[in-house]
Amino acid sequence: MTVDMRSFLQQIKKTNDLFIVKKGVSTKYEIAAVTEKLDESKAALFENVKGSKFKLISNLVGSRDRFAQAIGSKKSDINRKIVKAISSAKKPRISSTAKFFENSSKDISILPIVTHFQNESGPFITSSILYTRNQEKKSQNSSFHRLMPIGKNQFSIRMVEGRDLHRSFMFAKTHGQDLPVAITVGVHPAISIACAFQAKWGKNELEIANSLMNNKLTLTKCPSTGLLVPSTAEIVMEGKILRNKTHKEWMVEMLRTYDMPRSAPVIQIEKLYFRNNPIYHDILSGYTEARLLMGMPIEAKLNSIMKKKFPQTKQVILTSGGANWLHAVVQISKTRSTNVKKIINETFANHRSLKMVTIVDDDIDPTDAVAVEFAMATRFQADKDLVIIKNVRGSSLDPSSNQKKLRTAKMGIDATIPASKRPDGFKLGKIPKSKTNLKDYLKK
Ligand SMILES: Cc1cc2nc3c(=O)[nH]c(=O)nc-3n(C[C@H](O)[C@H](O)[C@H](O)COP(=O)(O)O)c2cc1C
């Protein structure tokens, strides 16, 4: 298994999963446009970014295949590997040296920060992972937060309320302090997967990353903040989130819709370190890489919990149509005693952002939207099989909800075959066709 982003790039080059762009490209819309065009097919390495000496990688784990490669598992085994890594998380080793000390600067404008979409408030670093001390639990936290540059050494930071970083920031603020932070850009994707996971308050996501990497993760102490970051990171920054400064920003979110303008805290950067021949990582918000990073760890968690609580659960899927975040389909092997509404409620209870849960039988492929709709069309009665939950906490991103008060309505659909009905009524018509070969029908 590879241990840094560079060696992972070599690995996906060998499997023909890397699209190498030698032509000079602009950070303004062009990189985002190429990345969008590639969709899930390949990661893109831009070797010549106009006005920067950094190379740039995008769409790194933009497919379930590359996601599986990143954690050294089969595609069908991703969930199990993530769940195991969470339960067997182990402290990484510490190394006093790191390649990112090879170069340093105080000027963030040397970074090839991408402008992705029309009408966003500016360019954003979208792969930035922030490391902070959790003062209450005496541990370290890591999480993704997008950063918009303001001048040569400040960023505004998107910090969703209630996230661990926000709690630590509020703690510092109420004690009259700025919050010291370290930031990395360009880490092995297994680290990204762990840091996108909403681990319990006080739990260090880097220990989960270490377990995903078969205990091969090493960390290095940052000189000014003392925070530990992955030793093989391409770019590392140190600074502090200022307790008394904000800046307006707005951006395209993981649903691919424009979020409302928000007043965001500001980070003052003291120092920037980077490796020789540095590679910057960009993630296109709302597209597969961002959605898989957000959704896969939750999907893994839901599968683990639901299978334990309801052994008839076969699979839980966060659907593409629901942005791998808002809609789930749960496939079950239903028996006479199965309480489907209980399964619906339990699914909602384990992922607060869920807005719709559909339960299907084990002959329906939960990843196939047409098959799921067919189950609804033929097995569901709205007056009996629908659960509506009103005015509860939901995702902060859904523009149809009350985003100020974070209130939404939720819908559960029991699209399984009703036990009270004639089973033959649900069987699909069968045509005996085992020996039919179309070629035979081209001959006269
Ligand atoms: C690509 C990507 C970008 C993200 N951007 C942000 C962001 O700008 N602000 C934010 O609060 N969360 C963002 N997140 C989500 C958090 O990083 C994620 O939910 C994390 O697990 C929260 O960690 P915590 O448990 O330490 O609060 C992003 C996630 C990904 C994968």
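Overview of the structure.

Cut-offs applied
Residues numbered from 1 in each chain as written. Predicted model: local features only at pLDDT ≥ 70, side-chain atom pairs only at ≥ 80, totals over all residues. Heavy atoms only, no water. Near = heavy atom within 4 Å. Polar contact = N/O pair within 3.5 Å; in protein donor to acceptor, adjacent residues only side chain to side chain. Areas by Shrake-Rupley, 256 points an atom, 1.4 Å probe, with all protein chains shown as cover. Helix = DSSP H or I, 4+ residues; strand = E, 2+ residues; numbered from the N terminus. Nonpolar A, V, L, I, M, F, W, Y, C, P; charged D, E, K, R; others polar. Disulfide = S-S within 2.5 Å. Axes fitted to C-alpha atoms, helices over the stretch in contact; angles between N-to-C directions. Parallel < 35°, antiparallel > 145°, perpendicular 65-115°, else oblique. Contact = heavy atoms within 4.5 Å. Buried < 20%, exposed > 50% of the residue type's maximum accessible area, 1.4 Å probe, protein only. Arc of directions from axis to C-beta.

### Brief notes about the site of the ligand
Lining the immediate surroundings of the ligand are 20 residues, of which F144, R146, R158, V160 and D164 lie closest. In the environment of the ligand, an oxygen atom lies 2.9 Å from a nitrogen or oxygen atom belonging to the side chain of N141. Relative to its unbound accessible surface of 640 Å², the ligand loses 96% to contact with the protein. Looking at which element gives the most residues to the shell around the ligand, the answer is strand β7 (residues 139-144), with three residues. Of the residues in the shell around the ligand, the class split is 10 nonpolar, five polar and five charged.

### Thoughts on the environment of A369
Tracing the chain through its elements places A369 in helix α10 (residues 369-379). Counting along the chain gives 284 residues from A369 to A85, while the straight-line C-alpha distance between them is 30 Å.

### Points about the state of the cysteines
Applying the stated criterion across every chain, the model contains zero disulfides. You can see C195 has no disulfide; the closest cysteine sulfur is in C222, sitting 13 Å from it.

### What to know about the packing of helix α4 (residues 78-87) against helix α8 (residues 288-309)
In contact at an axis separation of 9 Å, α4 and α8 are set at 85 degrees when each is read in the N-to-C sense. It follows that α4 is roughly perpendicular to α8 by the angle criterion. Touching I78, N79, I82 and V83 of α4 are M296, P297, E299, A300, K301, N303 and S304, all from α8. Split into classes, the residues belonging to the contact of α4 with α8 amount to six nonpolar, three polar and two charged.

### Some remarks on helix α2 (residues 30-38)
Residues spaced three or four apart along an α-helix face the same direction, because each turn holds 3.6 residues. Those residues of α2 not exposed but buried are I31, A32, T35 and L38. When α2 is viewed along its axis, its buried side chains cluster within an angular range of 125 degrees and face the same direction. Turning to α2, the residues buried within the fold contact β1 (18-21), β2 (43-46) and β3 (55-58). Positive backbone phi, approximately 50 degrees, marks D39, located one or two places after α2.

Coordinates in, geometry out; function isn't part of it.
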